[in-house]
Amino acid sequence: MKKILLIFFFLFITISCSKKEEEKFEAFSPESFAYDIGDAWEINATVNVKGFVKREVGDELSASVEFTVDMIGPDSLKITNIFSDSKDITSSDLTDIPLEAQFELDYNSPEGLYRITFNVTDLNSGEVTSAQSEFELKK
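Residues numbered from 1 in each chain as written. Predicted model: local features only at pLDDT ≥ 70, side-chain atom pairs only at ≥ 80, totals over all residues. Heavy atoms only, no water.

With respect to the sheet that holds strand S2 (residues 40-50)
And then number 1: Taken in spatial order, the 3 strands line up as S1-S2-S6 in an open sheet, and their pairing is antiparallel. Taken across any chain shown, the strands that pair with only one partner, and hence form the sheet edges, are strand S1 (26-36) and strand S6 (96-106). Taking the axes of each pair of neighbouring strands and ignoring which way they run, one obtains an average angle of 15 degrees across the sheet.
And then number 2: Two elements, S1 and S2, share 9 bridges in a ladder whose sense is antiparallel. In the sheet register, Phe28 faces S2, and the bridge partner there is Asn48. (Pairing = 2+ DSSP bridges. Helix = DSSP H or I, 4+ residues; strand = E, 2+ residues; numbered from the N terminus. Axes fitted to C-alpha atoms, helices over the stretch in contact; angles between N-to-C directions.)

What follows is the structure in C-alpha cells.
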C-alpha cells in the first residue's frame, strides 16, 4: 500500500512540475466577404490569432499585434499592404485576438476569385504568422 501511495506521490509531483507546452503563434478562422455598395465593393475580412506572448499588467494580461493585408485578384495582380493596423489588448482573460480589415475596391474591378492574406506580427516576441481567405466578386 505504501508503494502505491509513493508511486502516486511521485506521479503527482512529476505532473505538477512539468513545464506546460506553449501554444504556437498562429492565425485561424480567416473569412472574407465582398458587398456591393453601389459605386464600389466593400471588402470585410476577419481572422483570429492565438499563441501570442502575454505580458502581465497589474492583475491583467496584455498583448500587442500588428497586421497587414495583401490581396491577389483573378488577373494575378498582387496588391501588398492594402490594409494595415495594430491592436493592443489588455484583459483578465486573454486567449485569442480577433482582427478585422475593411476596405473598398473600385466597382469596375474584374469579377472572379480574390485571395486575401493576413500577415500578423506579435510585437512582444517578433513572431510572424499568416492566414488566407478567398472571396468572389460577382455582379
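Remarks on the environment of Phe135
And then number 1: Note on placement: Phe135 falls in strand S8 (residues 128-137).
And then number 2: In this structure Phe135 comes out as buried when scored by relative accessible area, which is 4%.
And then number 3: A C-alpha to C-alpha distance of 9.7 Å links Phe135 and Asn44, two positions 91 residues apart in sequence. (Buried < 20%, exposed > 50% of the residue type's maximum accessible area, 1.4 Å probe, protein only.)

Examining the packing of aromatic side chains
Remark: the centre distance and the inter-plane angle together describe each pair of aromatic rings, the angle taken between the planes.
And then number 1: Enumeration over the complete set of coordinates arrives at 4 aromatic pairs.
And then number 2: Measuring from ring centre to ring centre gives 6.0 Å for Phe67 and Phe83, while their planes differ by 35 degrees; the resulting arrangement is tilted. Here Phe67 is found in strand S4 (residues 60-72), whereas its partner Phe83 is found in strand S5 (residues 78-91), with 16 residues between them in sequence.
And then number 3: A ring pair is formed by Phe67 and Phe118, whose centres lie 6.0 Å apart and whose planes are at 40 degrees; its orientation type is tilted. Here Phe67 is found in strand S4, whereas its partner Phe118 is found in strand S7 (residues 112-122), with 51 residues between them in sequence.
And then number 4: Classification of Phe118 by relative accessible area gives buried; the value is 0%.
And then number 5: Connected via pairs of aromatic rings, a cluster forms that spans Phe67, Phe83 and Phe118.
And then number 6: Positioned above the aromatic ring of Phe28 is the side chain of Lys50, whose terminal nitrogen or guanidinium carbon lies 5.2 Å from the ring centre. (Phe/Tyr/Trp six-rings, centres within 6.5 Å; stacked < 30°, edge-to-face > 60°. Lys NZ or Arg CZ within 6 Å of the ring centre and 35° of its normal.)

Some thoughts on the environment of Gln132
And then number 1: Here Gln132 lies in strand S8.
And then number 2: The partly exposed category is assigned to Gln132, whose relative accessible area is 48%.
And then number 3: Between the C-alpha atom of Gln132 and that of Pro30, which follows or precedes it by 102 residues, the distance is 6.4 Å.
And then number 4: Among all residues touching Gln132, those that are not within four sequence positions of it are Pro30, Arg115, Ile116 and Thr117.
And then number 5: Side-chain polar atoms of Gln132 contact the side chain of Thr117, separated by 3.4 Å. (Contact = heavy atoms within 4.5 Å. Polar contact = N/O pair within 3.5 Å; in protein donor to acceptor, adjacent residues only side chain to side chain.)

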